[in-house]
Amino acid sequence: MVDLSVTVGSLKLNNPVLTASGTFGYGLEYVDLLDLSKLGGIVVKGLSRWPIPGNKPPRICETACGMLNAIGLQNIGVDAFLDEKLPRLADFDCAIIANVYGHSIEEYVEVAQLLDQRGAGRVHGIELNVSCPNVEAGGMAFGVDPDVVARLTQSVRQAVDLPLIVKLSPQVTDIAAIARAAQQAGADALSVTNTIPAMAIDAATRKPKLSNISGGLSGPAIKPVALRLVWVVSQAVSIPVIGLGGIMCGQDAAEFMIAGASAVQVGTATFNDPQAPCRIVGELEQFCEQQGIGAVRELTGTLKVDG
Ligand SMILES: Cc1cc2nc3c(=O)[nH]c(=O)nc-3n(C[C@H](O)[C@H](O)[C@H](O)COP(=O)(O)O)c2cc1C
């Protein structure tokens, strides 16, 4: 029997596999397709203070080895999440992480405070999205400047007791500097990484395939980029890293843990196979069995670099 439990700061997870924000709705959409209690946790769709309708369609398209999205942070708003979704999510034995998005530092703080207070005992952590490429104001603008990341992280840290995860953008010159700024400001963990700005064109119509013109690339196409970023960040900080970007199978998840991640998130894979997150838990367990590893956490940060 492999011990699959991991800790991410003070967050205790039954296993290291979480669903990635924006790719698994509010979790409840999947209750007929997989057993949510078999997941380490669910990171819900990014929540803002008020509902956001998102960008005009088309806002998703398939690309070679991945997909592009420009959803524009469509969500039901934090009140509706707390009233309508969270009570039902509490029936499942997995961690619930609320992904938070704001147009200003004040909005991030307000949303996080509402989740901390009104979601007490049912929300287990907060993940700050400082890295969305698909919105004009805020989003990635917050995530590219270490001082802004530090101010935002510190403001939310002072306002809430919940474990605080900061989700970093891949679209920066020096991700280690951003990671250190988030750690110094009080982040308990970092998620690495979000989608990469990209675009797709229909040659026949000469039009962009997304109404937003560009969007965020995700899926296997970004896995090598994400793996490197997880490695770089895990070398730069002493807080845990959650790795994501193109994880499709248990072996991918193992690679992210070897690169330095304590846990992983599964996103685009779920569009291919709605049961991917649970399948990946099983495959990771099998991988550990085959490798003679008694506890999955033993994989973290074991990359052999000395030849
Ligand atoms: C349709 C879609 C919506 C997303 N929405 C969010 C979001 O609201 N907040 C966020 O932090 N990341 C969001 N993401 C990014 C994913 O959580 C993840 O970081 C990214 O897709 C890379 O992982 P993957 O290759 O496994 O999908 C979204 C991704 C997709 C594909």
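An account of the accompanying structure is given in this report. (Residues numbered from 1 in each chain as written. Predicted model: local features only at pLDDT ≥ 70, side-chain atom pairs only at ≥ 80, totals over all residues. Heavy atoms only, no water.)

Summed over all chains, the structure comprises eleven salt bridges. Its salt-bridge partner being Arg 49, residue Asp 79 comes within 3.0 Å of it at the nearest N-O pair. Within this pair, whereas Asp 79 is found in helix H1 (residues 78-89), its partner Arg 49 is found in the loop between strand S4 (41-47) and strand S5 (60-63), the two being separated by 30 residues in sequence. On the basis of relative accessible area, Asp 79 is assigned to the partly exposed category, the value being 22%. With relative accessibility at 11%, the residue Arg 49 sits in the buried group. Each of the salt bridges in this network shares a partner with another, and the network as a whole consists of Arg 49, Asp 79, Asp 83, Glu 110 and Arg 118. (Salt bridge = Lys/Arg side-chain N within 4 Å of Asp/Glu carboxyl O. Helix = DSSP H or I, 4+ residues; strand = E, 2+ residues; numbered from the N terminus. Buried < 20%, exposed > 50% of the residue type's maximum accessible area, 1.4 Å probe, protein only.)

On to the side chain of Ser 169. Counting through the fold element by element, Ser 169 comes out in the loop between strand S9 (164-167) and helix H5 (175-184). Relative accessible area serves as the criterion here: at 1%, Ser 169 is assigned to the buried category. Looking at Ser 169, its side chain comes within polar contact range of the main-chain nitrogen of Gln 171, at 3.0 Å. (Polar contact = N/O pair within 3.5 Å; in protein donor to acceptor, adjacent residues only side chain to side chain.)

Let us now look at the site of the ligand. In the vicinity of the ligand lie 25 residues, with Ser 21, Lys 167, Gly 219, Gly 246 and Thr 268 positioned nearest. Here an oxygen atom of the ligand and a backbone polar atom of Ser 21 are 2.7 Å apart. Computed on the free molecule, the ligand has an accessible area of 610 Å², of which 98% lies beneath the protein chains in the complex. Every element with two or more residues in the shell around the ligand is listed here: S4 and strand S6 (66-69). Counted by class, the shell around the ligand contains seven nonpolar, 16 polar and two charged residues. (Near = heavy atom within 4 Å. Areas by Shrake-Rupley, 256 points an atom, 1.4 Å probe, with all protein chains shown as cover. Nonpolar A, V, L, I, M, F, W, Y, C, P; charged D, E, K, R; others polar.)

What follows concerns unusual backbone geometry. Along the chain, Pro 57 connects to Pro 58 via a cis peptide bond; the corresponding omega equals -5°. The omega torsion of the bond from Val 192 to Thr 193 falls at 25°, within 30 degrees of zero and hence cis. Assignment of secondary structure puts Thr 193 in the loop between strand S10 (189-192) and strand S11 (196-199). In this structure, Cys 65 is a non-glycine residue whose phi angle is positive, near 60°. Structurally, Cys 65 can be placed in the loop between S5 and S6. Residue Ile 213 is not a glycine yet carries a positive backbone phi of 70°.

Quick look at the sheet that holds S6 now. Taken in spatial order, the four strands line up as S5-S6-S14-S11 in an open sheet, and their pairing is antiparallel. Every other strand in the sheet has two partners, leaving S5 and S11 as the edge strands with one partner each. If you compare each strand with its neighbour and ignore which way they point, the axes differ by 40° on average. (Pairing = 2+ DSSP bridges. Axes fitted to C-alpha atoms, helices over the stretch in contact; angles between N-to-C directions.)

It is worth spelling out the state of the cysteines at this point. For the structure shown, the criterion picks out zero disulfides. Free of any disulfide, Cys 61 has its nearest cysteine sulfur in Cys 65, 14 Å distant. (Disulfide = S-S within 2.5 Å.)

This part is about the packing of helix H4 (residues 146-159) against H5. In the contact formed by H4 and H5, the axes pass within 8 Å of each other and the chain directions differ by 25°. Put simply, H4 runs roughly parallel to H5. As H4 runs across H5, the sense of the crossing is right-handed. Residue-level contacts link Pro 146, Val 149, Ala 150 and Thr 153 of H4 to Ala 177, Ile 178, Ala 181 and Ala 182 of H5. Taken together, the residues of the contact of H4 with H5 break down into seven nonpolar, one polar and no charged. (Parallel < 35°, antiparallel > 145°, perpendicular 65-115°, else oblique. Left-handed = near helix turned anticlockwise from the far one by under 90°. Contact = heavy atoms within 4.5 Å.)

This next bit is on H5. When H5 is considered as a whole, its buried residues turn out to be Ile 175, Ala 176, Ile 178, Ala 179, Ala 181 and Ala 182. Two residues or fewer after H5 comes Gly 186, characterised by a positive phi angle close to 110°.

Shape is all these values report; function is a separate question.
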